[in-house]
Structures are given as structure tokens and as C-alpha cells.
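# Examining the three-dimensional arrangement
This is what each chain is made of:
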Amino acid sequence: MASLCRQIIRANAFKGVLVNAARRGYADKLMPDPLEHATGLERKELLALQAGQDDPFNMKVLKKNAGTRENPTLVPSCFDARIVGCICDEHSTAITWLWLHKGHPRRCECGHWYKLTEKPVL
């Protein structure tokens, strides 16, 4: 009988805690969407990701294509110039850095050509 009485008291006490939490308004609160709190660049990035743009800041590694003078590797940029790193050999431990300027294709030391293309700003 005593154990049954304790179980009833515990159940009522737990029920009271839940009721008090609901009365205080905590039961229906959830974590807000991160977009509601984001500002600045973080917000622009989240909006671009929602729009389906997976690389809003051009940070992904580009795969080289033919790389000839007639068909250079196109590098997107929002600016008139951009620095590009070329890994000339797949086993190379060094990166060759070169500046690209709009309208002027550039050749790396390994013979690969790059060209800057315009990308719209976020």
C-alpha cells in the first residue's frame, strides 16, 4: 500500500511540474531558425544556400579543363582581379600562385591557361 501511495505522489508531482512548465509558456518554445538571427555575410551565405547556390564565396576547388590558350580554365570572380593557386603536378608539394586580371588570360609555369570571368555579386 505504501509503495502504491509513493507512485501516486510521484506521478502527481511530475504532472505538476509539466503543468507548471506549460503555464509558464516553456512547453511550446522551440529553437528559432538560424536565418532569423543571422546578419551580414552569414545571412547572405544562408540565403544563397537556400537559393541553391552551393558556393556563394567561390571557395571550392576548380577542376582544370583543357587549359589551352583557346580553351582556358574559367575562374569566376566578382572583382577585376583574383589570385589563383595552380597545383602544376598532382604529386607537387608546392602551389604556384598567379594573379588573374579581367580580359587578360594568364599562363602558369606548367603551361596551363586561366581566364577570369565575371560572377554576379550576392
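Each chain has its residues counted from 1, following the order in which its sequence is written. Totals for whole chains, interfaces and linings use every residue, but because this is a predicted model, local features are given only for residues with pLDDT of at least 70 and side-chain atom pairs only at 80 or more, for both listing and counting. Each side-chain value is derived from all of the structure's non-hydrogen atoms; neither hydrogens nor water enter the calculation.

## Things to note about the overall build of the protein
Looking only at helices and strands, the protein features three helices and five strands. What you see in the protein, going N to C, is helices and strands ordered as α-α-α-β-β-β-β-β. Each of the 122 residues in the protein was classed as buried or not, and the buried ones make up 18%. The contact criterion used throughout is that any non-hydrogen atoms of two residues lie within 4.5 Å. Expressed as a percentage of contacts within the protein between residues at least 6 apart in sequence, the contacts between residues at least 24 apart total 40%. The method behind every accessible area is Shrake-Rupley, applied with a 1.4 Å probe, and residues are considered shielded solely by the protein chains displayed. Split by element, the accessible area of the protein, about 9,900 Å² in all, is 58% carbon and sulfur. Labels follow the DSSP assignment, with helices taken as runs of H or I lasting at least four residues and strands as runs of E lasting at least two, numbered in each case from the N terminus. With a 1.4 Å probe rolled over the protein chains alone, any residue whose accessible area is under 20% of its type maximum counts as buried; one over 50% counts as exposed, and the rest are partly exposed.

## Focus: the sheet that holds strand 4 (residues 106-107)
Strand order in the open sheet formed by three strands is 1-5-4, and the pairing between neighbours is mixed. Because the sheet does not close on itself, it has two edges, and the strands there are strand 1 (73-77) and strand 4. Paired strands are those between which DSSP finds at least two bridges.

## Some words on the layout of surface pockets
The space that makes up the largest pocket amounts to roughly 470 Å³. Only protein atoms enter the calculation, which uses a 1 Å grid: trapped sets of points that fit a 1.4 Å probe without letting it out are cavities, open sets showing protein on both sides within 12 Å along at least five of seven lines are pockets, and any residue with an atom within 4 Å of a point is a lining residue. Contributing to the lining of the largest pocket are 18 residues, with Lys60, Val61, Leu62, Val84 and Gly85 lying nearest its centre. Mapped onto the lining of the largest pocket, the elements with two or more residues apiece are strand 1 and strand 2 (81-86). Here the lining of the largest pocket takes five residues from strand 2, the largest share from any one element. Each residue gets one label: Ala, Val, Leu, Ile, Met, Phe, Trp, Tyr, Cys and Pro are nonpolar, Asp, Glu, Lys and Arg are charged, and the others, such as Gly, are polar. Tallied by class, residues from the lining of the largest pocket come to 11 nonpolar, three polar and four charged. Grid points are joined across faces, edges and corners, and a volume is the space filled by probe spheres set on the points.

## Side note on the side chain of His112
Inspection of the secondary structure assignment puts His112 in the loop between strand 4 and strand 5 (113-118). Of note is the side chain of His112, whose polar atom sits 2.7 Å from the side chain of Thr73. Apart from the residues within four sequence positions on either side, His112 is in contact with Lys64, Asn65, Ala66, Gly67, Thr73, Arg106 and Arg107. For this analysis, a polar contact is any N or O atom pair within 3.5 Å, provided that within protein one partner can donate a hydrogen and the other can accept it, and provided that sequence-adjacent residues contribute only side-chain to side-chain pairs.

## Describing the UniProt feature "binding site: Zn(2+)" (unreviewed entry) in the protein
UniProt positions are given in the numbering used here, feature names are shortened, and annotations may be inferred rather than shown by experiment. Cross-referencing UniProt, the feature "binding site: Zn(2+)" (unreviewed entry) maps to Cys86, Cys88, Cys108 and Cys110 in the present numbering. In three dimensions, the annotated residues from a span of 25 residues occupy one location, with a maximal C-alpha spread of 8.7 Å. Within the annotated group, the residues that form the lining of the largest pocket are Cys86. Within the fold, Cys86 resides in strand 2. Once residues within four sequence positions are removed from consideration, Cys86 is found in contact with Lys64, Ile95, Thr96, Leu98, Cys108, Cys110 and Tyr114. A relative accessible area of 2% means that Cys108 is categorised as buried. The contact partners of Cys108, leaving out residues within four places of it in the chain, are Cys86, Cys88, Thr96, Leu98 and Tyr114.

## What about a nonpolar patch on the surface?
On the surface, a nonpolar cluster with roughly 540 Å² of combined accessible area is contributed by Ile83, Ile87, Ile95, Trp97 and Trp99. When you line up the elements, Trp99 lands in strand 3 (residues 96-101). The exposure class of Trp99 is partly exposed, given its relative accessible area of 46%. Patch building starts from residues that exceed 30% relative accessible area and form no salt bridge, then joins like charges within 9 Å and nonpolar side chains (Val, Leu, Ile, Met, Phe, Trp, Tyr) within 5 Å. Take a side-chain nitrogen of Lys or Arg and a carboxyl oxygen of Asp or Glu: if they are within 4 Å of each other, that pair is a salt bridge.

## What to know about the pattern of salt bridges
Tallying each qualifying case throughout the model produces three salt bridges. Residues joined by salt bridges that share partners form a network here, namely Asp80, Lys102 and Glu118.

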